[in-house]
Amino acid sequence: ESSMADKAESNRVRVSFVRESVFSVPEVTPTYQIARLTNEDLAANKQTVTSDELRSDRMVSDQPEVGFDTGGSISVEYSGQTYKDWIEAAMCGTFDASPTDLTDVAVTATAPDTYAATGIDTNVLVGDWLYFNMDFTDPANNGWKQVTATGAGSITVSQAVTNDSASTGHIGGENIINGVEKRSYEVEKGFTDIAEYMRYSGMRLGTWDVSLTAGEIVTGSFAFMGTQLTTQSDTEFGSTYTPASTTPVMNATSNVGEIVKDGAFLATCIQSISFTVENNLRSQMCVGSKFPSGIGYGRQLITGTLTAYFEDLTLFNEMLSHDDVSLVFSMYDIDGRSVVFEFPRVKFNTSTPSADGVDTDVMENIEWTAIADDTGIYQMRLSMSDGGNP
């Protein structure tokens, strides 16, 4: 057998992370969460400058190092509740401390818009989303419902409800809106087959994107910007490692609910929808320091795309009139876990019905931007539920 050294293989790479207690300060005995991913490009970014000294022999005198930071993207396939921690970091918000989590409770649905059950109003705020996955006779009483008012043991919702009752299943929802909370992570990349390890410190989440395309798995990525990098051989940086989740991945065909525009199901057939949350991070460099002293935040920009089969001028005219539009869409897995995305106020920036060639459909390609809602409280809300099927 050859004596040549083993080569690192992608299938043996492990990426794991832990939230930092203090920015860019390594945890003493960290418990790392192993991440689920499809690929990554985490890297050390060294900045150098070539000397401008004049030499009669035309050679370069020096190329000093002038800075160093870290960063990169981790690409994923979405699965129920797997990426809660990173979603909080990207949105700079926090999920409900006491989410709704009711199993096998007696629920009464009363037209036009009311649900009654013990505890259904506890810790629920107006604007929150709840996911009903109960054994109702009318399946329309299930799914995501947005709370418009709360009472003693009851809630009213913005969606229509029919007279019905149920006692088996789950009602859940933990909500988050965009905010200003800063988080940072310690990320380890381990080449486990050759026992080489890299620790990235001060990693803040700059960009998060989600892409849903008909016939494909729901995909996306999380992009980080950080400070220092430390390496070591044979010894892991983590004290313990929490295994990655095993929840099923979601697809954009059977695992996506209807897209709702302005409170009504969008009748137009959609081929794809995507969005990106961009925090506009920047390295904060100081004289006398090789590494950034901090990672600063800029504005949080949320943009997206929507590709629809061109059927009429409705969406085009909304772009032309620069109307305010609300968008809501959801996705779920085969076990009943679900997530809903709400953008309360959206502007269509472009809408271009295009004939791309022979034997193709005319597609309407829309680019949109989410802006603050009319109350100025949020520009994106997300809710998750981990309830199983009734």
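Refer to the structure printed above.
A. Focus on the packing of aromatic side chains. Taken as a whole, this structure holds 22 aromatic pairs when the rule is applied. Summarising the aromatic geometry, the rings of Phe 68 and Phe 291 are spaced 5.4 Å apart at their centres and angled 85 degrees between planes, so their arrangement reads as edge-to-face. Of this pair, Phe 68 sits in strand 5 (residues 65–77) while Phe 291 sits in the loop between strand 22 (282–284) and strand 23 (294–296), and the two are 223 residues apart along the sequence. Like Phe 68, the residue Phe 291 is buried in the burial classification. The lysine or arginine in question, Arg 14, covers the ring of Tyr 241, its NZ or CZ lying 4.0 Å from the ring centre. For Lys 84, the ring lying beneath its charged end belongs to Phe 95, and the centroid distance is 5.5 Å.

B. Local environment of the nonpolar core. Trp 208, Phe 343 and Leu 382 are the most contacted members of the largest nonpolar core, which has 54 residues in total. The element contributing the most residues to this core is strand 15 (residues 196–213), with 6 residues. Setting aside residues no more than four positions away along its own chain, Trp 208 makes contact with Tyr 78, Ile 87, Ala 90, Met 91, Ser 221, Phe 222, Phe 275, Thr 276, Val 277, Phe 341, Met 380 and Leu 382. In this structure, Phe 132, Val 147, Ile 155 and Ala 166 belong to the second largest nonpolar core, which totals 18 residues.

C. Quick look at the pattern of salt bridges. According to the stated counting rule, one finds 19 salt bridges in the structure shown. Ionic pairing is found between Arg 55 and Asp 57, a salt bridge with its closest N-O pair at 2.7 Å. Taking the relative accessible area as the measure of exposure, Arg 55 reaches 38% and is therefore partly exposed. Residue Glu 88 pairs with Arg 183 through a salt bridge whose shortest N-O separation is 3.9 Å. Taken together, the residues Glu 88 in helix 1 (residues 84–91) and Arg 183 in the loop between strand 13 (169–177) and strand 14 (185–191) connect sequence positions 95 residues apart. Residue classification places Arg 183 among the buried positions, given a relative accessible area of 4%. If you follow the salt bridges from partner to partner, you end up with Arg 19, Asp 85, Glu 88, Glu 181 and Arg 183 in one network.

D. View of the environment of Met 384. The residue Met 384 is located in strand 28 (residues 381–385) in this model. Its relative accessible area of 6% is what places Met 384 among the buried residues. Residues Met 384 and Phe 95, spaced 289 residues apart in sequence, show a C-alpha to C-alpha distance of 9.2 Å. The contact partners of Met 384, leaving out residues within four places of it in the chain, are Gln 81, Lys 84, Ile 87, Phe 95, Trp 144, Gly 173, Glu 174, Ser 338 and Val 339.

What counts and how
Residues numbered from 1 in each chain as written. Predicted model: local features only at pLDDT ≥ 70, side-chain atom pairs only at ≥ 80, totals over all residues. Heavy atoms only, no water. Phe/Tyr/Trp six-rings, centres within 6.5 Å; stacked < 30°, edge-to-face > 60°. Helix = DSSP H or I, 4+ residues; strand = E, 2+ residues; numbered from the N terminus. Buried < 20%, exposed > 50% of the residue type's maximum accessible area, 1.4 Å probe, protein only. Lys NZ or Arg CZ within 6 Å of the ring centre and 35° of its normal. Core = buried A, V, L, I, M, F, W, Y, C linked by side-chain atoms within 4.5 Å. Contact = heavy atoms within 4.5 Å. Salt bridge = Lys/Arg side-chain N within 4 Å of Asp/Glu carboxyl O.

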